[in-house]
Amino acid sequence: MKRSAMLRVNEHPILGKRPIRKTVIITVDGNPVEAFEGEPIAAALMAKGIKVFRKTRLRKDPRGVFCAIGQCTDCVMTVDQQPNVRTCITPVKEGMEIRTERG
Amino acid sequence: MIQKQVVVIGGGPAGLSSAIAAAQAGARVTVIDENQRPGGQLFKQIHKFFGSREHYAGRRGIHIGTEMLKEAEALNIEVLLNSVVYGIFEDRTLGVIRDGANLSVRAERVVIATGASENPLVFPGWTLPGVMGAGAAQTMVNLHGVLPGKRCLMVGSGNVGLIVSYQLLQAGADVVAIVEADSKVGGYHVHAEKIRRHGVPILLSHTIREARGKESVEEATLVRLDKNWHPLPGTEQDLQVDFVCLAVGLTPLTELGWMANCRCQSVPGLGGFVLHHNDGMETTVPGIYAAGDCAGVEEASIAMEQGRLAGLSIAESLGLIDRTRSADQRASIQERLKELRRKPAFYDSSADLGNREASTADRASLEPLKVGPGYPTEERFQQGPTAIVECMQEIPCDPCAYVCPRGAISVGRPITKLPHLDTGKCTGCGLCIPGCPGLAIFVVDNTYSPTEALLKLPHEFLPLPKAGEIVEALDRYGRRVTEGRVIKVENPRKFDHTPVVSVVIDKRFSNEVRAVSVRRGRHGR
Amino acid sequence: MAGNEDMIICRCEEVTQAEILEAIRDGATTVSGVKRRTRAGMGLCQGRTCRKVVAKMVVTETGQSAEEVLPSTYRPPVRPVTLGTLANEWDE
């Protein structure tokens, strides 16, 4: 079992078992990544242990999820050619192309 | 331009409460929320709420959210999701973005119920991926089912920090430590006890100095603080963690109110600038009301009451209800608000367990508990099974008073009174155990056998122990003091996911053991 | 805040603690003033994350009270919105 698979909470003492969801394939910087349809892009990436979503313009610092509710804009990536998309509130769709933003 | 009678901005507990109250009086209400689903913070709150019956006490936040939505639906309240109110203009005209299009909505009455946002804490390395708000971690785990990492450092011991730490444990992460800059725990003590008994250390007078890592958090440095909250050189210690959660307070989201020229005032105790309002929750701009965290960061129960008040006031102002009829309702709400706002106090200040250094036989921490009204006498312990209510802080909470079939637990009013256990009435049945939102009630039977005691404890983790299994028996600090033999695990639907584990242990530890740990390891793998 | 002048305060525009302190010492006495001189608060999140931190720095450096240091004026839109969207009127 891949290490990152342990990051998905498939059974929870209060929430129970995760309902079965449809798997979709998205690409992240050209690489195929499995995700669940409808989950936020950020969740799909974090589940795979991908924490760096972009590099800042001036200092090339790595950034990722900070607020997780669409307010801080740190998690933005280029999605299907559109830049500055807040991945923590944007649901995943089959075939979505996601790119790490640099600046 | 769309005309609406009542528009509520924000579909969290305050917004939904105000919508429901106004709609109950006959108003036509629209709730606008920027998220995919309404409920605000409710759907992340998987723990049982405090407060009283009117606040759905004892119910999990997620279920309260579902209930409120059902009520809203039954009242034909219109709910617009994925819709952002980006501005409030003249004459209560709202600018709304919905489906990528710009909408103008003119409302006769507006409720601003936009909640609050998490505060940042700035330190070297705070921008590294892996450093996030505690609420952010809560969202990832409880809404999206994804852990941000496996080893967490929690910064802040207010209720948010304590509750999210507990929820991270439930989801399978390790909370390596909680650091609190103050010299005492910030949140309710029962929340602190719930995690302490599973081995999470709460380091008082400590803070995070730095987070380090190549591309994301790999390590954090803690430092001890002196009486004046200044770092003490030489006290640094490094922790291997892969995520850091910041639980350092919330700030009301008052932007829309500012724009509409509502007066805001700075109230540090309520999170910063809050929307000023009168007794009926109306702001300084007629027709615009405020409720919930944007009017001051308090509890969900207070948000609900404020929402009710706003809805009621709106209904009155629209002529939908008689002032004399609503006067009674208003008075009850004000009473409950007063009750909910009573400052938590200690029965005995030395019961502040956070200040104690963990020692090998920490009998000292037990003494203050023993004089509490929820603790049986030595004599009573020898007579048969009895409940123990380890609730020593005057917080507004009383569900324990309703769960005992014999009425052995009483709280009364105000609901901040400490629960009193009538051990004469108590049979040790343990129904009170899952009824306590703070998981502060246990049952002990010191008469089980000449050398053994039977303990009944709440256990909200996976894997659940099985009957016959040998488990580690932990004390209030999460230290393994002995082993236990599980004889029964009760998990009926009515316990709402608070299973009760019956475990037999060496009688000498019956005053210490308050948790068990399953040897199989988390999630049974 | 632990001394580390290179530390980022405004995450969106990558404005450092040193730059903000300089702006305050240069004469900025409000959050708006700091914003104009450094761009802190002008980025994608419109100051949502750094506003309170900048305000606290102004309070600490200038000795004003929290009430005196008001957040900078809130202008619509309070959320990131593309111009195309604003222009897309929806008739209902």
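Above this text you will find the structure in question.
Residues numbered from 1 in each chain as written. Chains lettered and ligands numbered in written order. Predicted model: local features only at pLDDT ≥ 70, side-chain atom pairs only at ≥ 80, totals over all residues.

Undergrad: Give me the overall build of chain A: which residues, what numbers.
TA: For chain A, the helix and strand inventory stands at 1 helix and 10 strands. Shown N-terminal to C-terminal, the secondary structure of chain A runs as helices and strands in the order β-β-β-β-α-β-β-β-β-β-β. In terms of overall size, chain A behaves like a compact globule, its C-alpha atoms giving a radius of gyration of 14 Å where 103 residues would be expected to give roughly 13 Å. Each principal axis of the C-alpha atoms in chain A carries an extent, and together these give about 45 × 25 × 25 Å. (Helix = DSSP H or I, 4+ residues; strand = E, 2+ residues; numbered from the N terminus. Rg over C-alpha atoms; globule rule 2.2 N^0.38 Å.)

Undergrad: Just give me the short version of the overall build of chain C, but keep the residues and values in it.
TA: What chain C contains, in helices and strands, is 4 helices and 2 strands. Ordered by position from the N terminus, the helices and strands of chain C form the series β-β-α-α-α-α. Taking the contacts inside chain C whose residues are at least 6 apart along the sequence as the reference set, 49% of them involve residues at least 24 apart. (Contact = placed C-beta atoms within 7 Å.)

Undergrad: So what's going on with the interface of chain B and chain A? Residues and values would help.
TA: On the chain A side, the residues contacting the 28 residues of chain B number 26 residues. Listing elements by their share of the side of chain B that touches chain A, those giving two or more residues are strand E7 (116-118), strand E8 (131-133), helix H3 (134-143) and helix H4 (159-171) of chain B. Counting residues per element, the side of chain B that touches chain A draws most heavily on H3 of chain B, which supplies 4 residues. The residue makeup of the side of chain B that touches chain A, split by class, is 13 nonpolar, 12 polar and 3 charged. (Nonpolar A, V, L, I, M, F, W, Y, C, P; charged D, E, K, R; others polar.)

Undergrad: Hey, could you go over the sheet that holds strand E8 (residues 82-86) of chain A for me, with residue numbers and the actual values?
TA: Residue and element names in this part refer to chain A. One open sheet holds the 5 strands; their spatial order is E4-E3-E9-E7-E8, and the pairing between them is mixed. On the outer flanks of this sheet lie strand E4 (31-36) and E8, each paired with one strand and no other. For this sheet the average axis-to-axis angle between neighbouring strands, irrespective of direction, equals 40°. The pairing of strand E7 (residues 76-79) with strand E9 (residues 97-99) spans 2 bridges and is classified as antiparallel. Its bridge partner being in E9, Val79 is matched across the sheet by Ile98. (Pairing = 2+ DSSP bridges. Axes fitted to C-alpha atoms, helices over the stretch in contact; angles between N-to-C directions.)

Undergrad: With reference to specific residues and values, describe the pairing of strand E18 (residues 272-275) of chain B.
TA: Residue and element names in this part refer to chain B. One ladder, built from 4 bridges, connects strand E17 (residues 264-267) with E18; its direction is antiparallel. Within E18, the position partnered with Val267 by the bridge is Gly272. The turn joining E17 and E18, which pair antiparallel and follow one another in sequence, is formed by 4 residues; a positive phi near 105° is taken by Gly271.

Undergrad: Tell me about helix H5 (residues 189-196) of chain B, and please be specific about residues and values.
TA: Residues and elements named next belong to chain B. H5 sits mainly inside the fold: 8 of its 8 residues count as buried. Buried residues of H5: His189, Val190, His191, Ala192, Glu193, Lys194, Ile195 and Arg196, and no others. Residues of H5 that are buried in the fold lie against H4, strand E10 (174-180) and strand E11 (202-204). (Buried ≥ 20, exposed ≤ 12 C-beta atoms within 10 Å, placed from the backbone.)

Undergrad: Go over the packing of helix H1 (residues 13-24) of chain B against helix H7 (residues 300-317) of chain B with me, naming the residues and quoting the values.
TA: Residues and elements named next belong to chain B. Where H1 meets H7, the closest approach of the two axes is 7 Å, and the angle between their N-to-C directions is 35°. With respect to the hand of their crossing, H1 and H7 are arranged in right-handed fashion. When H1 is examined against H7, the residues Pro13, Ala14, Gly15, Leu16, Ser17, Ser18, Ala19, Ile20, Ala21 and Ala22 are found in contact with a partner set consisting of Ala300, Ala303, Met304, Gln306, Gly307, Arg308, Ala310, Gly311, Leu312, Ile314 and Ala315. Residue classes in the contact of H1 with H7 are distributed as 14 nonpolar, 6 polar and 1 charged. (Left-handed = near helix turned anticlockwise from the far one by under 90°.)

Undergrad: Which residues make up unusual backbone geometry, and what are the values?
TA: Residue and element names in this part refer to chain B. Of the consecutive residues Arg413 and Pro414, the connecting peptide bond is found in the cis state with omega at 0°. Looking at the element boundaries, Pro414 is found in the loop between strand E21 (409-410) and strand E22 (420-421). With an omega of -5°, the peptide bond between Leu462 and Pro463 qualifies as cis. Unlike most non-glycine residues, Asn76 shows phi in positive territory, near 60°.

Undergrad: Could you give an account of the nonpolar core, naming the residues involved and the relevant values?
TA: In terms of nonpolar packing, the biggest core is built from 121 residues, with Ile9, Ala19, Ala22, Ile112, Ala291, Ile441 and Val503 of chain B touching the most fellow members. No other element matches the 9 residues that H7 of chain B contributes to this core. Looking at which domains feed residues into this core, each of domain 1 (2-117 + 250-340) and domain 3 (359-524) of chain B supplies at least three. Among residues more than four places away in sequence, those in contact with Ile9 of chain B are Ile32, Val85, Val110, Val111, Ile112, Ala113, Thr114 and Leu256 of chain B. In this structure, Leu7 and Val79 of chain A, Ala247 of chain B together with Cys50 of chain C belong to the second largest nonpolar core, which totals 97 residues. (Core = buried A, V, L, I, M, F, W, Y, C linked by C-beta atoms within 7 Å. Domains from an automatic or database assignment.)

Undergrad: Just give me the short version of the pairing of strand E2 (residues 29-32) of chain B, but keep the residues and values in it.
TA: Residues and elements named next belong to chain B. Pairing of strand E1 (residues 2-9) with E2 involves 4 bridges; the strand directions are parallel. Looking at E2, one finds that Val6 is bridged to Val29. Considered for its hand, the β-α-β crossover made up of E1, H1 and E2 is right-handed. Bridge count for E2 against strand E3 (residues 78-80) is 3 bridges, and the pairing is parallel. Following the sheet pairing, Ile32 is matched in E3 by Leu80. Of the crossover connections in this fold, the one passing from E2 over helix H2 (residues 61-74) to the parallel E3 is right-handed. (Right-handed = clockwise from strand over helix to strand, strands pointing away.)

Undergrad: Talk me through the sheet that holds strand E14 (residues 237-240) of chain B; I want residue IDs and the actual numbers.
TA: In sheet architecture, strand pairing relies on hydrogen bonds along the backbone and comes in two forms, parallel and antiparallel. Residues and elements named next belong to chain B. Judged by pairing direction, the sheet is antiparallel, and its 3 strands sit side by side in the order E12-E13-E14 without closing on themselves. What marks the edges here is a single partner per strand, and that holds for strand E12 (206-212) and E14. When the angles between neighbouring strand axes are averaged without regard to direction, this sheet yields 30°. Across 6 bridges, E12 lies against strand E13 (residues 219-224) in antiparallel orientation.

Undergrad: Before we move on, can you summarise helix H2 (residues 31-38) of chain C with the specific residues and values?
TA: Residues and elements named next belong to chain C. Among the residues making up H2, those that are buried are Val31, Val34, Lys35 and Thr38. Buried residues along H2 cover an arc of 100° about the axis, so they all sit on one side. On its buried face, H2 sits against strand E2 (15-16), helix H1 (17-25) and helix H3 (51-62). (Arc of directions from axis to C-beta.)

Undergrad: An account of the environment of Glu460 of chain B is needed here, citing residue identities and associated values.
TA: Among the secondary structure elements, Glu460 of chain B is positioned in the loop between strand E24 (452-458) and strand E25 (470-474). It is 6.4 Å that separates the C-alpha atoms of Glu460 of chain B and Pro499 of chain B, two residues lying 39 residues apart in sequence. Excluding residues within four positions of it along the chain, Glu460 of chain B makes contact with Pro13 and Ile14 of chain A together with Gln170, His497 and Thr498 of chain B.

Undergrad: Give me the environment of Asp445 of chain B: which residues, what numbers.
TA: All names here are of chain B. Relative to the elements of secondary structure, Asp445 occurs in strand E23 (residues 441-445). With 17 residues separating them along the chain, Asp445 and Gly428 place their C-alpha atoms 7.8 Å apart. In contact with Asp445, other than residues within four places in its own chain, are Gly384, Pro385, Gly428, Ala453 and Leu454.

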